[in-house]
Amino acid sequence: MVKDLKATFVGIFIIVGVIIFVVLYTWFSGRLGLRNTYDLVVMFDDVVGLRIGDPVMVYGMEKGKVKDMKIDQNKIKSILAIDRNIMIPEDSKISIKSISMLGADRYVKIELGSSDKTASVYHGSTGGFDLEALGNQLDSLMLVVKNFKLGDFDLNKIASKLTRDMNRSLKTLTKAIKGPSEKIEHLAIRLDSLTTLLSGDGTVGKLMKSDELYEEVRQTNQALKSLVEDIKENPDRYINIKVF
Amino acid sequence: MNLFSLIGDFATFFFRSLFIPWKFRTSKDRILEQVYNIGIGSLPIIIIIAAFTGLVSTVQATYQMIGTVPRYIIGTTVGRMVLIELGPILTALMVSGRCASSMAAEIGTMRVTEQIDALEIMAIDPYRFLSLPRIVGTFISLPVLTIFAEFVALAFGAVYAHYFLNIPFSVFSYGIIHFFSMRDFLGGLVKSLFFSIVIGASGCYFGFLVKGGAKEVGRAATYAVVSSSILILVLDFLVAVLIFG
């Protein structure tokens, strides 16, 4: 009886150990899902280090996890476990993003579309922060920096040379401006008197501004036109040349 | 006995204990008894040790890292520490202290009181009868105890982080999951398998070595614990180099 009891305890001990092992493994590998989800198949050209268990964000809220990934022909077939209350329209944009520059914090971002229909297979893009590409670019930049050589690179020398050159240029410019400036002054005085002339007090000003004068000139012009027309029609009335 | 003869004697004892022709049916009950003694008997102390290990790891990781790294890194640090090192090592050291000494004392007393001689007279192989169940029992119990320890340590760490350090369960869990690797998880368990052999074998070996009286029995128990503790740390390094190096 005691032996049986001991055997039962040992059995429970080992079975509980195995269960904890399985629970820990499923928890740590991100497979422990207590949510009510459905599977969404997304094809990616490149998953840039996305892992099973990484979150799926919809409008910045975690609404699922990456459940499985495998290579299918030339693409990566990813299965996302999405919460049942979220419907993914067929025109949604699905991309892989990175939270930080470490590059290990990938997540799948879903921008919901407006369609009423869903698709059986979705296509995702890679929009993550590509540290490797940045590294390559930095390498080429470093190469450029290494090749960028100045004979005696001294910032102080360059600054003093630039100051000297600028002072010299300014002096030349001042000299060059001095002659024309006097002429400009004369021109300004003349312009000033012209402005006074046109301002309205003088004859020219009145000619330009007086409505009365304008009306008179217009009437005169009309009278002249009618006179000329009349002369054309009845020249005898005005030009009466009698030789005899 | 110099070091080389000690190693040679130990190796002979180890192979004699494990590779003697034995039938599972005749040893089954004694193996069960040992799993009960080592596994279930050590469970309370392992749970206490693991709980405080998880709490201390979380407090220390937070103290050293908070403000400089994202908070989920605390989960990563505690998770990896517990899975790779603290879980297997502390469990093995505790089981070594508790069980290797008792094995050495038990077998040593049997040697002193000539019970082992009586077994031989009855044509019962003392290695098969005494050593094998203890080594196999430790081999079965220690990985299971390690799993318990890891689970308890992480659970207590997560609870403490949630209620006292303002690191929610989801964030702590995210840290563990995100940098989880199967190698870490299984590496710790592989370590515990090696440790179990060391604990069982050294406990029995020093018990069989006893000659004389009660004083020798006490000394055998001390040797068993000291040698198994040293060997655990040496093996920890070697297995770490092999698996993670």
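Residues numbered from 1 in each chain as written. Chains lettered and ligands numbered in written order. Predicted model: local features only at pLDDT ≥ 70, side-chain atom pairs only at ≥ 80, totals over all residues.

Participant: In this structure, what is going on with the overall build of chain B? I would like to understand it.
Facilitator: If you tally the helices and strands in chain B, you get eight helices and zero strands. Mapped in sequence order, the helices and strands of chain B form the string α-α-α-α-α-α-α-α. Counting every position in chain B, which comprises 245 residues, the buried fraction comes to 49%. Nonlocal contacts in chain B, meaning residues at least 24 apart in sequence, comprise 88% of its contacts between residues at least 6 apart. (Helix = DSSP H or I, 4+ residues; strand = E, 2+ residues; numbered from the N terminus. Buried ≥ 20, exposed ≤ 12 C-beta atoms within 10 Å, placed from the backbone. Contact = placed C-beta atoms within 7 Å.)

Participant: Looking at this structure, I do not really get the overall build of chain A. What am I missing?
Facilitator: Secondary structure summary: chain A contains six helices and seven strands in total. Taken from N to C terminus, the helices and strands of chain A fall in the order α-β-β-β-β-β-β-β-α-α-α-α-α. Here chain A holds 244 residues, and 14% of them are scored as buried. Across chain A, contacts joining residues at least 24 apart in sequence account for 59% of those joining residues at least 6 apart.

Participant: Whenever I open this one, the interface of chain A and chain B confuses me. Can you help?
Facilitator: Much of the literature gives interface size as the accessible area that the parts lose upon coming together. The interface of chain A with chain B comprises 17 residues on the first partner and 17 residues on the second. For the side of chain A that touches chain B, the per-class residue count stands at 11 nonpolar, four polar and two charged. (Nonpolar A, V, L, I, M, F, W, Y, C, P; charged D, E, K, R; others polar.)

Participant: Explain the sheet that holds strand E3 (residues 61-72) of chain A here, please?
Facilitator: Two pairing modes exist for strands in a sheet, parallel and antiparallel, and in both the strands are linked by backbone hydrogen bonds. Residue and element names in this part refer to chain A. The strand order around the closed barrel built from seven strands is E1-E4-E3-E2-E6-E5-E7, with neighbouring strands paired in mixed fashion. Each strand axis lies, on average, 35 degrees off the axis of its neighbour in the sheet, ignoring direction. Pairing analysis gives eight bridges linking strand E1 (residues 37-44) to strand E4 (residues 75-83), with the strands arranged antiparallel. Bridging from a neighbouring strand, Thr-37 pairs with Asp-83 of E4. (Pairing = 2+ DSSP bridges. Axes fitted to C-alpha atoms, helices over the stretch in contact; angles between N-to-C directions.)

Participant: What is the right way to look at the packing of helix H1 (residues 3-18) of chain B against helix H7 (residues 182-208) of chain B in this model?
Facilitator: For any two helices packed against each other, the geometry comes down to the angle between their axes and how far apart the axes lie. Residue and element names in this part refer to chain B. At a minimum axis distance of 10 Å, the contact between H1 and H7 shows a crossing angle of 110 degrees. By the criterion of interaxial angle, the relationship of H1 to H7 is roughly perpendicular. Between H1 and H7, the contacting residues are Phe-10, Phe-13, Phe-14 and Ser-17 on the first element and Ala-201, Cys-204, Tyr-205 and Phe-208 on the second. (Parallel < 35°, antiparallel > 145°, perpendicular 65-115°, else oblique.)

Participant: Can you help me understand the environment of Glu-90 of chain A in this one?
Facilitator: Residue and element names in this part refer to chain A. Positionally, Glu-90 belongs in the loop between E4 and strand E5 (93-98). For the pair Glu-90 and Ser-114, spaced 24 residues apart in the sequence, the C-alpha separation amounts to 8.4 Å. Setting aside chain neighbours within four positions, we find Glu-90 in contact with Gly-113, Ser-115, Lys-117, Thr-118 and Ala-119.

Participant: I keep staring at the packing of helix H3 (residues 72-112) of chain B against helix H6 (residues 169-178) of chain B and nothing clicks. Help me out?
Facilitator: Residue and element names in this part refer to chain B. At a minimum axis separation of 6 Å, H3 and H6 run at an interaxial angle of 55 degrees. In terms of their interaxial angle, H3 and H6 are classed as oblique. The way H3 lies across H6 gives a crossing that is right-handed. On H6, the residues touching Tyr-72, Ile-73, Ile-74, Gly-75, Thr-76 and Gly-79 of H3 are Val-171, Phe-172, Ser-173, Tyr-174, Gly-175, Ile-176 and His-178. (Left-handed = near helix turned anticlockwise from the far one by under 90°.)

Participant: Sorry if this is basic, but what is going on with the nonpolar core here?
Facilitator: In a soluble, globular protein the nonpolar side chains are often hidden away together inside. Among the nonpolar cores identified, the biggest contains 75 residues, and Ala-104, Phe-148, Ala-153, Cys-204, Ala-220 and Ala-224 of chain B are the most heavily contacted of them. Of all elements in the fold, only helix H1 (2-28) of chain A together with helix H2 (24-65), H3, helix H5 (126-164), H6, H7 and helix H8 (214-244) of chain B reach the threshold of two or more residues within this core. Top contributing element to this core by residue count: H5 of chain B, with 21 residues. Discounting chain neighbours no more than four positions away, the residues touching Phe-148 of chain B are Gly-17 and Ile-20 of chain A together with Leu-43, Ile-46 and Ile-47 of chain B. Formed by 18 residues, the second largest nonpolar core is a distinct cluster that contains Val-42, Leu-80, Ile-96 and Val-108 of chain A. (Core = buried A, V, L, I, M, F, W, Y, C linked by C-beta atoms within 7 Å.)

Participant: Where do I start with the confidence of the model for chain B in this structure?
Facilitator: As a note on interpretation, predicted positions should not be read in detail where pLDDT is low. Residues of chain B with pLDDT of at least 70 account for 99%, and the chain-wide mean is 90. The complex model carries a pTM of 0.64, and its ipTM stands at 0.84. (pLDDT = per-residue confidence, 0-100.)

Participant: Honestly, the confidence of the model for chain A in this entry has me stumped. Any pointers?
Facilitator: On average, residues of chain A score 80 in pLDDT, and 86% of them are at 70 or above. Here helix H4 (residues 203-209) of chain A stands out as the least confident element of chain A, with mean pLDDT 71; helix H5 (residues 211-233) of chain A is the most confident, with 88.

Participant: Quick question: what am I supposed to make of unusual backbone geometry here?
Facilitator: Most peptide bonds take the trans form, and the phi angle of most residues other than glycine is negative. The phi angle at Gln-73 of chain A is positive, at roughly 55 degrees, despite the residue not being glycine. Positive phi outside glycine occurs at Asn-166 of chain B, with the angle close to 60 degrees. Within the fold, Asn-166 of chain B resides in the loop between H5 and H6. Taking the number of C-beta atoms within 10 Å as the measure of exposure, Asn-166 of chain B has 11 and is therefore exposed.

Participant: Any chance you could explain the pairing of E4 of chain A here in plain terms?
Facilitator: Remark: a regular strand shows side chains that alternate across the two faces of the sheet. Residues and elements named next belong to chain A. Two elements, E3 and E4, share eight bridges in a ladder whose sense is antiparallel. Considered in E4, the bridge of Val-66 is made with Leu-80. The antiparallel pairing of E3 with E4 creates a hairpin that spans two residues between the two strands, and Gln-73 there sits at a positive phi of about 55 degrees.

Participant: Mind showing me how you'd approach the pairing of strand E2 (residues 55-58) of chain A here?
Facilitator: Residue and element names in this part refer to chain A. Here E2 runs beside E3; their pairing, made up of four bridges, is antiparallel. By the bridge assignment, Pro-55 is partnered in E3 with Lys-65. In textbook terms, the turn of a hairpin is the stretch between consecutive antiparallel strands, and for E2 and E3 this stretch comprises two residues, one of which, Tyr-59, has a positive phi near 50 degrees. Of the pairings in the sheet, the one linking E2 to strand E6 (residues 106-111) comprises three bridges and is parallel in character. By the bridge assignment, Val-56 is partnered in E6 with Val-108.

Participant: In this structure, what is going on with H3 of chain B? I would like to understand it.
Facilitator: Residues lying three or four places apart along an α-helix face the same way, a consequence of the helix completing one turn every 3.6 residues. Between its first and last C-alpha, H3 of chain B extends 57 Å over 41 residues, near the 60 Å set by a 1.5 Å rise per residue. Phi for Glu-114 of chain B, located one or two positions after H3 of chain B, is positive at around 60 degrees. (Expected span 1.5 Å × (residues − 1).)

Participant: Could you clarify how one ought to interpret the environment of Thr-91 of chain B in this entry?
Facilitator: Residues and elements named next belong to chain B. In this fold, Thr-91 is placed in helix H3. A residue is classified by how many C-beta atoms lie within 10 Å of it, and Thr-91, with 32 of them, is buried. Residues Thr-91 and Ile-49, spaced 42 residues apart in sequence, show a C-alpha to C-alpha distance of 8.1 Å. Contacts of Thr-91, omitting those with residues within four sequence positions, involve Ile-46, Leu-142, Leu-145, Thr-146, Ala-149 and Ser-192.

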